[in-house]
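Okay, here's what each chain looks like letter by letter:
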Amino acid sequence: MRTGRLRTVHPVLWAGWAALAAGAVLCVIGWYGVSGERYAERQLPYLASCTIPGAALIVAGAVLLGHGRGALAAARVEELYGLLVAEEPADADESGQAAAIPLAVSRDLLMVPGGTLWHRADCPLVAGKVEAVPVDAKLLTSGELGPCPICDPAEETG
């Protein structure tokens, strides 16, 4: 899935490279012409007709390349964002809202010694950790531990 903006970026990049190449050629011709003349008044036409326009083309090409690469990156980000939000979740109800699936549903509460949160036993933050221990009721009532924002154990116990 390519966006229309992505297709319009390539001509800008090609124009930038063409301007850089033409500018380099003009600068080389100007340098060659200036180097073959001994007097300054004979060198000025080469500077005016080749070297100055060549330098201007090099600057213009660099600007076009910079803009084209930035636009290319923006188009790719836009395309990825479109892919991210294009499909609706499979479990979306008729109102367009996805059904809330609880992350953890266990009634057993655990904590990690030295931690500041308490979790459900099947919370991904403590599941499988051997150092997780059951929560002491004194710690819950004293407020030393807060509920985990991932598994939200406070909704049943609170």
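Residues numbered from 1 in each chain as written. Predicted model: local features only at pLDDT ≥ 70, side-chain atom pairs only at ≥ 80, totals over all residues. Heavy atoms only, no water.

### Let's talk about the overall build of the protein
Thought 1: Within the protein, the secondary structure is distributed over 4 helices and 4 strands.
Thought 2: If you list the helices and strands of the protein from N to C, you get α-α-β-β-β-α-β-α.
Thought 3: The 158 residues of the protein split such that 23% are buried. (Helix = DSSP H or I, 4+ residues; strand = E, 2+ residues; numbered from the N terminus. Buried < 20%, exposed > 50% of the residue type's maximum accessible area, 1.4 Å probe, protein only.)

### Some remarks on the sheet that holds strand β3 (residues 133–134)
Thought 1: The 4 strands are arranged β3-β1-β2-β4 in an open sheet whose pairing can be described as mixed. Where the open sheet ends on each side, the last strands, each with one partner, are β3 and β4 (146–147). (Pairing = 2+ DSSP bridges.)

### Some details on the nonpolar core
Thought 1: In this structure, Leu110, Cys123, Val126, Ala132, Cys148 and Cys151 together form the largest nonpolar core, which totals 6 residues.
Thought 2: If you look at the next biggest cluster of nonpolar residues, it comprises 5 residues, including Leu109, Met111, Val135 and Leu145. (Core = buried A, V, L, I, M, F, W, Y, C linked by side-chain atoms within 4.5 Å.)

### Some details on the state of the cysteines
Thought 1: What the rule picks out here adds up to 0 disulfides.
Thought 2: For the unlinked cysteine Cys27, the closest cysteine sulfur is that of Cys50, found at 8.9 Å. (Disulfide = S-S within 2.5 Å.)

### Comments concerning the environment of Glu131
Thought 1: Structurally, the position occupied by Glu131 is in the loop between β2 (117–120) and β3.
Thought 2: Remark: the alpha-carbon pair of Glu131 and Leu110, spanning 21 residues in sequence, is separated by 9.8 Å.
Thought 3: Setting aside residues no more than four positions away along its own chain, Glu131 makes contact with Met111, Val112 and Pro113. (Contact = heavy atoms within 4.5 Å.)

### So, the environment of Asp136
Thought 1: Within the element layout of this structure, Asp136 appears in the loop between β3 and α3 (137–142).
Thought 2: Accessibility expressed as a relative area gives 36% for Asp136, which makes it partly exposed.
Thought 3: In this structure the C-alpha to C-alpha distance between Asp136 and Leu109, which are 27 residues apart in sequence, comes to 9.1 Å.

### Quick word on the confidence of the model for the protein
Thought 1: Mean pLDDT over the protein works out to 77, with 76% of the residues at or above the 70 mark.
Thought 2: Mean pLDDT across the elements of the protein ranges from a minimum in helix α4 (residues 154–157), with 60, to a maximum in β3, with 88. (pLDDT = per-residue confidence, 0-100.)

### Points about the pairing of β2
Thought 1: Sheet analysis places strand β1 (residues 109–111) next to β2, joined by 3 bridges and oriented antiparallel. Residue pairing across strands places Leu109 opposite Arg120, the latter belonging to β2.
Thought 2: Where β1 folds back onto β2 in an antiparallel hairpin, the turn is made up of 5 residues, including Gly114, whose phi is positive at roughly 90°.
Thought 3: Alignment of β2 against β4, held across 2 bridges, turns out to be parallel.

### Notes on a nonpolar patch on the surface
Thought 1: On the surface, a cluster of nonpolar side chains totalling about 280 Å² of accessible area is made up of Leu44, Leu47 and Ile52.
Thought 2: Examined against the element boundaries, Leu47 turns out to sit in helix α2 (residues 40–86). (Patch = residues over 30% accessible without salt bridge, like charges linked within 9 Å, V, L, I, M, F, W, Y side chains within 5 Å. Areas by Shrake-Rupley, 256 points an atom, 1.4 Å probe, with all protein chains shown as cover. Salt bridge = Lys/Arg side-chain N within 4 Å of Asp/Glu carboxyl O.)

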